[in-house]
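Analysis of the macromolecular model
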Amino acid sequence: MFCKSCGRMLENENANFCEYCGTLLKEQSFQEIRSAEVYQSEKEEKEEEKPITFGNWAGSMLLPFIPIFGPIVYVVMLIYWSISDKTAKSKKNWARATLVIVVLSLFLLVAYFNWAMQQLVASGFDINAYMQQLNVK
């Protein structure tokens, strides 16, 4: 193989650059090869991420409104969608955010109920007397 720039014979047939003058021997430069690799990986990511349908979103958001078991199934599904590799990235992120909000809401609800009960007891409210009045009538 000969260098196109200096004309010298090269010993290494697979060389990317001339040993003598440093001229690029291959037709594609490193940057072109690298940009092609990046483009290919971005293309693969876009192909994997298909948009979630309206029905899928609506079903996901209406799940907690099913009587009796809906909220339980909803939390279980949020956990599944958060950790599953089969779930689309956008739905996975939504499930994680919703799960955080649900946990925070439950924590605040319990904290508020505890505070309200403490305020009732501190004001002199007697729950036992109140329960006896309800049972008498």
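Structural data are supplied above this passage.
This write-up is about the structure you can find in this document. (Residues numbered from 1 in each chain as written. Predicted model: local features only at pLDDT ≥ 70, side-chain atom pairs only at ≥ 80, totals over all residues. Heavy atoms only, no water.)

With respect to the packing of helix α3 (residues 70-83) against helix α4 (residues 89-122)
For the pair α3 and α4, the least separation of the axes is 8 Å and the interaxial angle reads 135°. Between α3 and α4, the crossing angle belongs to the class labelled oblique. Crossing of α3 over α4 shows left-handed handedness. Here Tyr-74, Val-75, Leu-78, Ile-79, Trp-81 and Ser-82 of α3 come into contact with α4, specifically with Lys-91, Lys-92, Trp-94, Ala-95, Arg-96, Thr-98, Leu-99 and Val-102. Class assignment of the residues belonging to the contact of α3 with α4 gives a composition of nine nonpolar, two polar and three charged. (Axes fitted to C-alpha atoms, helices over the stretch in contact; angles between N-to-C directions. Helix = DSSP H or I, 4+ residues; strand = E, 2+ residues; numbered from the N terminus. Parallel < 35°, antiparallel > 145°, perpendicular 65-115°, else oblique. Left-handed = near helix turned anticlockwise from the far one by under 90°. Contact = heavy atoms within 4.5 Å. Nonpolar A, V, L, I, M, F, W, Y, C, P; charged D, E, K, R; others polar.)

With respect to the environment of Val-100
Note on placement: Val-100 falls in helix α4. Of the residues examined, Val-100 reaches a relative accessible area of 49% and is grouped as partly exposed. (Buried < 20%, exposed > 50% of the residue type's maximum accessible area, 1.4 Å probe, protein only.)

Regarding unusual backbone geometry
Phi at Ile-68 takes a positive value of approximately 65°, unusual for a residue other than glycine. Within the secondary structure layout, Ile-68 lies in the loop between α2 (54-62) and α3. Relative accessible area serves as the criterion here: at 69%, Ile-68 is assigned to the exposed category.

Quick look at the packing of α2 against α4
Closest axis-to-axis distance for the α2/α4 pair is 13 Å, and the angle between their directions is 15°. One element, α2, and the other, α4, form an angle in the roughly parallel class. In the crossing of α2 with α4, the sense of the turn from one axis to the other is right-handed. For the pair formed by α2 and α4, the contact residues are Asn-56, Trp-57, Ser-60 and Met-61 on the first element and Ser-90, Lys-91 and Trp-94 on the second.

Observations regarding a nonpolar patch on the surface
On the surface, Phe-113, Met-117, Leu-120, Phe-125, Ile-127, Tyr-130, Met-131 and Leu-134 cluster together to form a nonpolar patch covering roughly 740 Å² of accessible area. Only α4 and α5 (127-136) provide two or more residues apiece to the nonpolar patch. Among the elements that line the nonpolar patch, the one with the most residues is α5, at four residues. Judged by its relative accessible area of 53%, Phe-113 is exposed. (Patch = residues over 30% accessible without salt bridge, like charges linked within 9 Å, V, L, I, M, F, W, Y side chains within 5 Å. Areas by Shrake-Rupley, 256 points an atom, 1.4 Å probe, with all protein chains shown as cover. Salt bridge = Lys/Arg side-chain N within 4 Å of Asp/Glu carboxyl O.)

Quick word on the nonpolar core
Leu-63, Tyr-74, Leu-78, Trp-81, Trp-94, Ala-95 and Leu-99 together form the largest nonpolar core, which totals seven residues. Elements represented by at least two residues in this core include exactly α3 and α4. Cys-3, Leu-10, Ala-15 and Leu-25 belong to the second largest nonpolar core, which has five residues in total. (Core = buried A, V, L, I, M, F, W, Y, C linked by side-chain atoms within 4.5 Å.)

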